[in-house]
Amino acid sequence: MKIVVIGGSGLIGSKLVPKLREHGHEAVAASPDSGVNTITGEGLAEALRDASVVVDVSNSPSWEDAAVMKFFETSTRNLLTYEAAAGVGHHVALSVVGTQRLSESGYFRAKIAQEQLIKESSIPYSIVQATQFFEFVKGLADISMVGDKAHLPPVLFQPMSADDVATAVGKIAVGSPINGTVEIAGPEQFRMDELVRRRLAQLGDAREVIADPNALYSGAKIDDRTLVPGNNARLGETRFETWAGQVPHAKSQPAA
Ligand SMILES: NC(=O)c1ccc[n+]([C@@H]2O[C@H](COP(=O)([O-])OP(=O)(O)OC[C@H]3O[C@@H](n4cnc5c(N)ncnc54)[C@H](OP(=O)(O)O)[C@@H]3O)[C@@H](O)[C@H]2O)c1
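Notes on the structure in this doc start here.

So, how was this worked out
- Residues numbered from 1 in each chain as written.
- Predicted model: local features only at pLDDT ≥ 70, side-chain atom pairs only at ≥ 80, totals over all residues.
- Heavy atoms only, no water.
- Helix = DSSP H or I, 4+ residues; strand = E, 2+ residues; numbered from the N terminus.
- Rg over C-alpha atoms; globule rule 2.2 N^0.38 Å.
- Buried < 20%, exposed > 50% of the residue type's maximum accessible area, 1.4 Å probe, protein only.
- Contact = heavy atoms within 4.5 Å.
- Lys, Arg positive; Asp, Glu negative; His and termini not counted.
- Charge placed at Lys NZ, Arg CZ, Asp CG, Glu CD.
- Phe/Tyr/Trp six-rings, centres within 6.5 Å; stacked < 30°, edge-to-face > 60°.
- Axes fitted to C-alpha atoms, helices over the stretch in contact; angles between N-to-C directions.
- Parallel < 35°, antiparallel > 145°, perpendicular 65-115°, else oblique.
- Left-handed = near helix turned anticlockwise from the far one by under 90°.
- Pairing = 2+ DSSP bridges.

This part covers the overall build of the chain. Helices and strands together make up the secondary structure of the chain, namely 8 helices and 12 strands. What you see for the chain is a C-alpha radius of gyration of 18 Å, in line with the 18 Å of a compact globule of 256 residues. Overall size of the chain, expressed as C-alpha extent along the three principal axes, is 50 × 35 × 35 Å. Out of the 256 residues belonging to the chain, those deemed buried represent 53%. Long-range pairs, those at least 24 residues apart, make up 81% of the contacts in the chain with a sequence separation of at least 6. Distance between charge centroids for the chain: 1 Å, based on 24 positive and 30 negative side chains.

Structure, rendered in structure tokens:
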């Protein structure tokens, strides 16, 4: 089966492509670096020729409110149009658990718009909502700085490893479209401020983490229910400490 991975050079995409190939699929990593741009349309028709599935694990280069909305709207519209022309039978997109509860955030308004375009299109689809990646825990501090201290809300969340995200997305990509949303998450819950504090200590990062109930996440007020998945979520196996022990200097993401 030919499967095109949009954002194939990114954190999730670069883990997903080899997993699909290991299972005998023709996985094509597509991103601007490889001449495929979903904003301009460059290289899209060629990349999608004879493809059965498109997996969109791209992300906007800018997270400024207007820029991120323009990215996800334009990219998703272009993808769905080119997929229809190429006869693609399954569009898989990676989104975030709790997206619909995060509309105060410009980033998440853009994810809501992305999901809406997919639901309204004629292409059979599967939306995979993942929790925050372990690789992003340090990034949570980076986007939460007030002066020289990181202000994090002490709310529950259930992060997961990027590798488990890629495994779950791969399984869904090779299955039948569900025409709905699947939630995926990690095996354990943490308080966000506590896990960020722990991760900074592991990295030798001296920044202080303040538990601040009024601190926002990506511009949105959140509580214990916002980022936690429902009972039917599929859970990854990798525990945080196992991941941290395996990749003590794992490349952290700048933000999300
Ligand atoms: N961070 C989290 O904790 C989290 C949690 C749940 C879900 N998610 C979702 O996961 C998805 C992927 O995140 P990620 O961290 O893996 O992303 P990432 O590492 O930032 O990678 C983004 C990818 O998008 C590609 N891209 C950028 N502009 C493009 C364009 N115009 N056309 C085609 N490709 C383009 C990039 O290509 P180049 O390398 O060529 O620039 C790169 O391959 C996002 O949609 C995000 O919302 C994130």
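This brings us to the packing of aromatic side chains. Counting across every chain of the model gives 9 aromatic pairs. Between the aromatic rings of Phe-72 and Tyr-107, the centroid separation amounts to 6.1 Å while the plane-to-plane angle is 85 degrees, which identifies the pairing as edge-to-face. Taken together, the residues span a long stretch of sequence, with Phe-72 in helix α3 (residues 65-86) and Tyr-107 in helix α4 (residues 106-120) at a distance of 35 residues. In this pair, the class of Phe-72 matches that of Tyr-107, namely buried. Residues Phe-108 and Tyr-217 carry aromatic rings whose centres are separated by 5.9 Å and whose planes lie at 35 degrees to one another, so their mutual orientation is tilted. Of this pair, Phe-108 sits in helix α4 while Tyr-217 sits in the loop between β11 (208-211) and β12 (234-235); the two residues are 109 residues apart in sequence, bridging distant segments of the chain. With respect to burial, Phe-108 and Tyr-217 carry one shared label: buried.

Looking now at the packing of α3 against α4. Relative to each other, α3 and α4 sit at 15 degrees, their axes nearing to 8 Å. Between α3 and α4, the angle is such that the two are roughly parallel. Between α3 and α4 lies a crossing of right-handed hand. Residue-level inspection shows Asp-65, Val-68, Met-69, Phe-72, Glu-73, Thr-76, Arg-77 and Leu-80 of α3 in contact with α4, the latter providing Gly-106, Tyr-107, Arg-109, Ala-110, Lys-111, Ala-113, Gln-114, Leu-117 and Ile-118.

Attention now goes to the sheet that holds β12. The strand order β2-β1-β3-β4-β5-β9-β12 describes an open sheet built from 7 strands, whose pairing is parallel. At either end of the open sheet lies a strand with only one pairing partner, and these are β2 (26-30) and β12. In the sheet, strand β4 (residues 90-96) pairs with strand β5 (residues 125-130) via 6 bridges, with the strands oriented parallel. Within the sheet, the bridge partner assigned to Ala-93 lies in β5 and is Ile-127. Contacts from α4 reach β3 (53-56), β4, β5 and β9 (180-185) within the one sheet, and its direction differs from that of β4 by about 160 degrees. With respect to the sheet, helix α6 (residues 162-173) is in contact with β3, β4, β5, β9 and β12, its orientation differing from that of β4 by roughly 155 degrees.

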